[in-house]
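The chain contents come next:
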Amino acid sequence: MFSYLSEPGTDGIGLAFTDRLGGFSTGQFTSFNLGHTDEDSVDALRANMAMLRDRLGLGPVSVVKQVHGRVVIPLGGTGSHSLDSDSWLSDAVPGVPALVHADAQVTTLTDTPLAVRVADCVPVLLADRAQGVLGSAHAGRVGLLAGVLQETVAAMRLRGARRLEAWIGPHICGRCYEVPAQMQAQACAVLPELRCTTSWGTPSLDLGSGAQGVLERDGVTVHRLDPCTRTGQAFFSHRGDHGRTGNQIGLIWRVARHVGRA
Ligand SMILES: [Zn+2]
């Protein structure tokens, strides 16, 4: 169910990265799928999300329609959207409002869990623990190069964040993420930390190191919690599963009983 879990402490902030184990989905979505809502069984998806929320004691989770861009959605001010249990199933359930197109979310609200859905791309969770500012970002190759992490950090600082931490979750590693040589050259011209070589000796990109480089240059303390999704049997992997697969998520939240500020 989890590849990493840190339950709320005195600051009220919890964070988790899920894996693909222990859920209700079948076939290529086996079994703890929290994405690809237009293909998997709605009953299985609802059961998976209900199990996650029960385990963590959470209300409805906020997701966005991820489009490999750099748009950040703030929740709780202009542009906030109301959540219910089926909001995240917008692609699969008639009558549910369409999800906002974006690749990052930020909030200062309590009881508003932010989720990022991935299956090889990099899930990044961020927080200023003292100020109670949270963020989540979907950082694949395209979003990383477009500046999604810089935009997320800026949006959090605008809402009072000062000392930021980030947690980089499970994604495809540099030894597995093969790309054409020209693509590698173009990407590394923007972000040198991306340069890597596959375990079979061809050009590749190390997205985790790229994300870490961007965040550290922005003054963020980075924690790496990132086993490889392609070689790890516990994870959904777009490449490892040949394009049809589910999603694990990164999730960050703050509970209301710890609302005090430093
Ligand atoms: Zn790997």
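Each remark here, short or long, concerns the structure printed above.
The rules behind these values
Residues numbered from 1 in each chain as written. Predicted model: local features only at pLDDT ≥ 70, side-chain atom pairs only at ≥ 80, totals over all residues. Heavy atoms only, no water. Donors = N, O, S within 2.8 Å, 3.2 Å for Na, K, Ca; no water. Buried < 20%, exposed > 50% of the residue type's maximum accessible area, 1.4 Å probe, protein only. 1 Å grid on protein atoms, 1.4 Å probe; cavity = no way out; pocket = protein on both sides within 12 Å on 5 of 7 lines; lining within 4 Å. Points joined across faces, edges and corners; volume = space filled by probe spheres on them. Helix = DSSP H or I, 4+ residues; strand = E, 2+ residues; numbered from the N terminus. Nonpolar A, V, L, I, M, F, W, Y, C, P; charged D, E, K, R; others polar. Core = buried A, V, L, I, M, F, W, Y, C linked by side-chain atoms within 4.5 Å. Contact = heavy atoms within 4.5 Å.

Colleague: Before we go on, may I ask you to explain the coordination of the zinc ion in this structure?
Modeller: For a metal bound by four donors in a tetrahedral arrangement, the ideal donor-metal-donor angle is 109.5 degrees, while six donors in an octahedral arrangement ideally sit at 90 or 180 degrees. Protein coordination at the zinc ion: the donors are Cys173 (SG), Cys176 (SG) and Cys228 (SG), at 2.2 to 2.3 Å from the metal. Mapping the donors of the zinc ion onto the primary sequence gives the spacing C-x2-C-x51-C. Looking at Cys173, the relative accessible area reads 22%, which means it is partly exposed. The class of Cys176 is buried, set by a relative accessible area of 5%.

Colleague: Help me understand the layout of surface pockets in this model?
Modeller: Rolled over the atoms, a probe sized like a water molecule indicates the empty space that remains. In this structure, the largest pocket encloses a volume near 600 Å³. Lining the largest pocket are 24 residues, with His36, His68, Cys121, His138 and Asn247 positioned closest to its centre. For the lining of the largest pocket, the secondary-structure elements that each account for two or more residues are strand S5 (114-118) and helix H2 (141-146). Considered class by class, the residues forming the lining of the largest pocket number 8 nonpolar, 9 polar and 7 charged.

Colleague: For this particular structure, what's the right way to read the nonpolar core?
Modeller: Counting 35 residues, the largest nonpolar core has Val124, Leu144, Leu149, Leu194, Leu205, Leu207 and Leu215 as the members making the most contacts within it. When sequence neighbours within four positions are dropped, the list of residues in contact with Leu149 reads Val124, Ala137, Ala139, Leu144, Ala211, Val214 and Leu215. Listed in part, the 21 residues of the second largest apolar core include Leu56, Val93, Ala115 and Leu251.

Colleague: Help me out: how do you make sense of the side chain of Thr112 in this one?
Modeller: On the secondary structure map, Thr112 appears in the loop between strand S4 (104-107) and S5. With near-sequence residues (within four places) excluded, Thr112 lies in contact with Leu75, Leu83, Thr107 and Ile252.

Colleague: Help me out: how do you make sense of empty space enclosed by the protein in this one?
Modeller: For the structure shown, the criterion picks out 1 cavity of 30 Å³ or more. Lining the largest cavity are Val64, Gln66, Asp103, Ala104, Gln105, Ala115, Val116, Ser136 and His138. Elements with a contribution of two residues or more to the lining of the largest cavity: S4, S5 and strand S7 (133-139). Looking at the lining of the largest cavity residue by residue, the class counts come to 4 nonpolar, 4 polar and 1 charged.

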